[in-house]
Amino acid sequence: MVITGFGYSVIRAGVMTLAYLFANAITRKSDPINSLGFSLLVMTLFFPYAHASVALQISVLSTLGILVYNKFVYPDIYAFFRKRGNNIFLKFVRTVLNALLVTVSAILMTEPVMARISDGFSFATVISNLIITPFAGTAMVTSAAASVVSVFLPVRFNIFYYI
C-alpha cells in the first residue's frame, strides 16, 4: 500500500483483504460483497470525501461487477460446461469465456461513471478491453517469470534485459 501511495482504491482492497483474513482467523465464512461494503463503511468513517474519488468509484463498481458475476453467473456457466464433459477443449473454452465475461461485467458496472466523466458512451472501450484481456494475463505471467529469472541470473546472461 505504501508503494502505491495509499490511493483510495488500494485502501479499499487492503480493508477487504483484512476483513477476509479476519473472518478466516475466527473460522467464519467471508462474503466478498459484505467485505466490499465493510471496506466502504470504514473508508467513509476515516475519509469522508473518499466517495468523490473517481478512482474509488471505478474500483468499487468493477469489483462489485466481478463479485456479482462470480456469485450468480459463473456457477451456471460452470454447470453448463460440466454437463458436456471434461475434455481439454471445453476447459479452454470455459476459461476464455470466463475471462471475457469477467471483463464484460466490470465494464458494464463501470460504464455509468465512465460515461459521466467522458460525456458519453464509447464502444471502443468495450472492444479494446475484450481484445487486450487475453494478452494481459499472459503479460502478467511472463513478467512474473522474468522477475524470478532476473534474481538468479546476472544481467549479461538475462535474455529479458535485451528485449
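Residues numbered from 1 in each chain as written. Predicted model: local features only at pLDDT ≥ 70, side-chain atom pairs only at ≥ 80, totals over all residues. Heavy atoms only, no water.

1. Focus on the packing of helix α1 (residues 8-25) against helix α3 (residues 54-83)
Then, number 1: Relative orientation of the contacting elements α1 and α3 amounts to 40 degrees, with a least axis distance of 8 Å. As summarised for this structure, α1 and α3 are arranged oblique, according to the angle between their axes. Seen from α1, the contacting residues are Tyr-8, Ser-9, Arg-12 and Met-16; seen from α3, they are Ala-55, Leu-56, Ser-59, Val-60, Thr-63 and Leu-67.
Then, number 2: Residue composition of the contact of α1 with α3, grouped by class: six nonpolar, three polar and one charged. (Axes fitted to C-alpha atoms, helices over the stretch in contact; angles between N-to-C directions. Helix = DSSP H or I, 4+ residues; strand = E, 2+ residues; numbered from the N terminus. Parallel < 35°, antiparallel > 145°, perpendicular 65-115°, else oblique. Contact = heavy atoms within 4.5 Å. Nonpolar A, V, L, I, M, F, W, Y, C, P; charged D, E, K, R; others polar.)

2. Observations concerning the environment of Ile-11
Then, number 1: Its location among the elements puts Ile-11 in helix α1.
Then, number 2: Separated by ten residues in sequence, Ile-11 and Met-1 have C-alpha atoms that sit 7.2 Å apart.
Then, number 3: Setting aside its immediate chain neighbours within four residues, Ile-11 contacts Met-1, Phe-6, Met-43 and Phe-47.

3. So, the side chain of Glu-111
Then, number 1: Along the chain, Glu-111 turns up in helix α4 (residues 88-118).
Then, number 2: Although Glu-111 is buried, it makes no salt bridge; Arg-116 carries the closest opposite charge, 11 Å away.
Then, number 3: Dropping the residues within four chain positions of it, Glu-111 is found in contact with Phe-121, Ser-122 and Thr-125. (Buried < 20%, exposed > 50% of the residue type's maximum accessible area, 1.4 Å probe, protein only. Lys, Arg positive; Asp, Glu negative; His and termini not counted. Salt bridge = Lys/Arg side-chain N within 4 Å of Asp/Glu carboxyl O.)

That's the geometry; what it means functionally is another story.
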